[in-house]
Amino acid sequence: MFDNSIDAYLVNSPANRRYFTGIDTSAGAVLLTATEKLFFTDFRYENYARNTLRDFNVIIVKPSEFYDTLVRELKRLDARTVGYEELFVTVNDYRQMETALSDFKLEPASKILADKRIVKTQDEIDKIENSQRIAEKALAKIIPMIKPGVTEREVSAELMFEMIRSGADSLAFDNIVSFGENSANPHHHPSDKKLEKNELILIDFGARANGYCSDMTRTFTLGSPNDELKAIHGIVLEAQSYALKHIKAGMTGMEADSLAREYIRANGYGKEFGHSLGHGVGIEIHESPNLSEKSEIVLSPGMVVTVEPGIYINGLGGVRIEDLVVVREDDVLNLTNFNKNLYL
Ligand code: ZN
Ligand code: ZN
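Residues numbered from 1 in each chain as written. Chains lettered and ligands numbered in written order. Predicted model: local features only at pLDDT ≥ 70, side-chain atom pairs only at ≥ 80, totals over all residues. Heavy atoms only, no water.

Novice: Please give an account of the pattern of salt bridges that cites residues and values.
Specialist: Going through the model one piece at a time under the given rule, you end up with 31 salt bridges. When the shortest N-O distance is used, the salt bridge between Arg-76 and Glu-73 registers 2.6 Å. Here Arg-76 and its partner Glu-73 are both found in helix H3 (residues 66-76), 3 residues apart, which amounts to about one turn of the helix. By relative accessible area, Glu-73 is classed as buried at 7%. Through salt bridges with shared partners, a single ionic network connects Asp-257, Arg-261, Glu-262, Arg-265 and Glu-293. (Salt bridge = Lys/Arg side-chain N within 4 Å of Asp/Glu carboxyl O. Helix = DSSP H or I, 4+ residues; strand = E, 2+ residues; numbered from the N terminus. Buried < 20%, exposed > 50% of the residue type's maximum accessible area, 1.4 Å probe, protein only.)

Right, dumping it as structure tokens:
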């Protein structure tokens, strides 16, 4: 197993269930041991699970009988230590689990499980890249409708429609579409604000297809924003391109973050870059590894991360430029293929 001190992993979170089974289900639990993989679900998924999870022992169980069945299986498998997802289960879940599994030793295993997902296979990278292509195609399609007078909400709605129409199963996360001053709020929610000619337009969005997410941000304008915002766009773009040029396997998340952060700091905007440089992307939109000021994780080939420096000035506006890349031995492979100019 992944860690010798744990005999069986009880996986409840949708993201980890998706990872270890390859299928999306709204309910169920996975039990992983060195010799067997079990999938507990209810009758709604019986045929689907039996037909798709050939290497699993599929057990159909009523929710009320789950723990009795689990205990029986753990005993049969001779498991003593059970890893559980401490970052996912609620206090209530944990109390139930603790009572039901009183004959077993419970060990937190969220990190061990997250680490299994951190390096992507080529198949996973292909899926992420496909989601990225869908997102780019949708953005290209809606650019012509971005004109003075259009609202953030309208742009967001069109973008969502085009992503779904281009093959996305859902959005990777709620679209961020912000105009003018609103772009100073990194996680702005699209409103009825209308675009004015000289405002910045920040769009941060992603598609989810075949279970995998994409993530990108572009900041641009139709007119002529004030000089400081123009300068900031140039600084963010430089910081990003420097980071993209230098990130590679072997460096820590912190070192990657500092590539962009030092440049932004040197230009006087250290405080205005209030978030980390990037995050892992996969089944979840935010997963390991983090490229942040505190991240000691060492990057390895096959990790998929965003590179997204930003500068935000309250009352004025903000710029973020985000690409999605695969870490390689000596460089990164950029999965994003979309113009980054201030004037698209
Ligand atoms: Zn993003
Ligand atoms: Zn991101």
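Novice: Before we move on, could you go through the sheet that holds strand E4 (residues 57-60) and cite the residues and values that matter?
Specialist: Working definition: the strands of a sheet are paired by backbone hydrogen bonds and lie parallel or antiparallel to each other. With respect to topology, 6 strands assemble into an open sheet ordered E4-E3-E2-E1-E5-E6, the strand pairing being mixed. Only two strands of the sheet have a single partner each, and these edge strands are E4 and strand E6 (105-108). Mean inter-strand twist for the sheet, computed between neighbouring axes without regard to direction, equals 25 degrees. The pairing of strand E5 (residues 81-84) with E6 spans 4 bridges and is parallel. What sits directly across from Thr-81, in E6, is Lys-105. (Pairing = 2+ DSSP bridges. Axes fitted to C-alpha atoms, helices over the stretch in contact; angles between N-to-C directions.)

Novice: Can you lay out the coordination of the zinc ion (ligand 1) for me, pointing to particular residues and giving the numbers?
Specialist: Those protein atoms acting as donors to the zinc ion (ligand 1) are Asp-204 (OD), Asp-204 (OD), Asp-215 (OD) and Glu-322 (OE), and they sit at 2.0 to 2.7 Å. Taken together, the 4 donor atoms coordinating the zinc ion (ligand 1) span angles of 53 to 151 degrees at the metal, a pattern that classifies the geometry as irregular. Look at where the donors of the zinc ion (ligand 1) fall in the sequence and you get D-x10-D-x106-E. Taken as a pair, the zinc ion (ligand 1) and the zinc ion (ligand 2) show a spacing of 3.1 Å, with Asp-215 coordinating each metal. In this pair, Asp-215 sits in the loop between strand E11 (212-213) and strand E12 (216-221) while Glu-322 sits in the loop between strand E17 (317-320) and strand E18 (323-327), placing the two residues 107 residues apart along the sequence. (Donors = N, O, S within 2.8 Å, 3.2 Å for Na, K, Ca; no water. Tetrahedral: all angles 85-135°; square planar, octahedral: opposite > 155°, others 65-115°.)

Novice: Could you give an account of the coordination of the zinc ion (ligand 2), with specific residues and numbers?
Specialist: Taken together, Asp-215 (OD), His-279 (NE2), Glu-308 (OE) and Glu-322 (OE) make up the full set of protein donors to the zinc ion (ligand 2), lying 2.1 to 2.2 Å away. The site at the zinc ion (ligand 2) holds 4 donor atoms, and with the angles between them running 77 to 148 degrees, its shape is irregular. Sequence spacing of the donor residues for the zinc ion (ligand 2), all on one chain, is D-x63-H-x28-E-x13-E. Overall, His-279 belongs to the buried group, its relative accessible area being 6%.

Novice: Before we move on, can you summarise the layout of surface pockets with the specific residues and values?
Specialist: To find the voids left in a structure, one rolls a probe of water-molecule size over its atoms. Estimated volume of the largest pocket: approximately 400 Å³. Taken together, 19 residues form the lining of the largest pocket, with Asn-12, Gly-28, Ala-29, Pro-63 and Phe-66 sitting closest to its centre. Looking at the lining of the largest pocket, the elements with two or more residues in it are strand E3 (37-41), H3 and helix H4 (91-100). With 4 residues, H4 is the single largest residue contributor to the lining of the largest pocket. Of the residues in the lining of the largest pocket, the class split is 11 nonpolar, 5 polar and 3 charged. Counted as a void, the second largest pocket has a volume near 290 Å³. In this structure, the second largest pocket is lined by 16 residues; those nearest its centre are Asn-16, Ser-110, Ala-114, Arg-117 and Glu-284. Those elements that provide at least two residues to the lining of the second largest pocket are helix H1 (14-21), helix H5 (110-118) and strand E14 (287-291). In terms of residues, the lining of the second largest pocket owes the most to one element, H5, which gives 6 residues. Looking at side-chain class alone, the lining of the second largest pocket contains 5 nonpolar, 5 polar and 6 charged residues. (1 Å grid on protein atoms, 1.4 Å probe; cavity = no way out; pocket = protein on both sides within 12 Å on 5 of 7 lines; lining within 4 Å. Points joined across faces, edges and corners; volume = space filled by probe spheres on them. Nonpolar A, V, L, I, M, F, W, Y, C, P; charged D, E, K, R; others polar.)

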